[in-house]
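Architecture at a glance
In case you want the letters, here they are:
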Amino acid sequence: MSTPLPVDEPLICSSRGCRARAEWALRWNNPRLHDADRRKTWLACTAHRATLGDFLDARGFLREVVAAPGSPTLEG
């Protein structure tokens, strides 16, 4: 089991080696492994949103892209 992040810790991009703050949540599932309503989440900075999304979409896994909690994309 993973340890939850402290509330004041920024969310970090899931792209390998990236330490940028995540602004997007890519919600996905593998229909061969997961129930239809189950969602897994990869976090993405703006620079990696397209590449992570393309990877998931090419496999038919991407379900939605939403602003990550605490992201400046929610402000405005």
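Structure shown above.
Let us look at the structure shown here.

Parameters at a glance
Residues numbered from 1 in each chain as written. Predicted model: local features only at pLDDT ≥ 70, side-chain atom pairs only at ≥ 80, totals over all residues. Heavy atoms only, no water. Helix = DSSP H or I, 4+ residues; strand = E, 2+ residues; numbered from the N terminus. Buried < 20%, exposed > 50% of the residue type's maximum accessible area, 1.4 Å probe, protein only. Contact = heavy atoms within 4.5 Å. Areas by Shrake-Rupley, 256 points an atom, 1.4 Å probe, with all protein chains shown as cover. Salt bridge = Lys/Arg side-chain N within 4 Å of Asp/Glu carboxyl O. Core = buried A, V, L, I, M, F, W, Y, C linked by side-chain atoms within 4.5 Å.

Looking only at helices and strands, one finds 1 helix and 3 strands in the chain. Looking at the chain as a whole, 26% of its 76 residues qualify as buried. Within the chain, contacts between residues separated by at least 24 positions form 53% of all contacts whose residues are at least 6 apart in sequence. Split by element, the accessible area of the chain, about 5500 Å² in all, is 52% carbon and sulfur.

What follows covers the environment of Trp42. Here Trp42 is to be found in strand 2 (residues 40–44). Once residues within four sequence positions are removed from consideration, Trp42 is found in contact with Ser14, Trp24, Ala25, Leu26, Trp28, Leu52, Phe55 and Leu56.

Scanning the entire structure with this criterion turns up 1 salt bridge. Linking Glu64 and Arg27 is a salt bridge whose minimum nitrogen-to-oxygen distance equals 2.8 Å. Of this pair, Glu64 sits in strand 3 (residues 62–67) while Arg27 is found in strand 1 (residues 24–28), placing the two residues 37 residues apart along the sequence. According to the relative accessible area criterion, Glu64 is partly exposed, its value standing at 33%.

General note: in soluble globular proteins, nonpolar side chains tend to be found buried as a group. Counting residues in hydrophobic clusters, the biggest one holds 10 residues: Cys13, Cys18, Trp24, Leu26, Trp28, Ala44, Cys45, Leu52, Leu56 and Phe61. Broken down by secondary-structure element, the contributors of at least two residues to this core are strand 1 and helix 1 (49–58). Contacts of Phe61, omitting those with residues within four sequence positions, involve Arg27, Trp28, Asn29, Asn30, Pro31 and Leu56.

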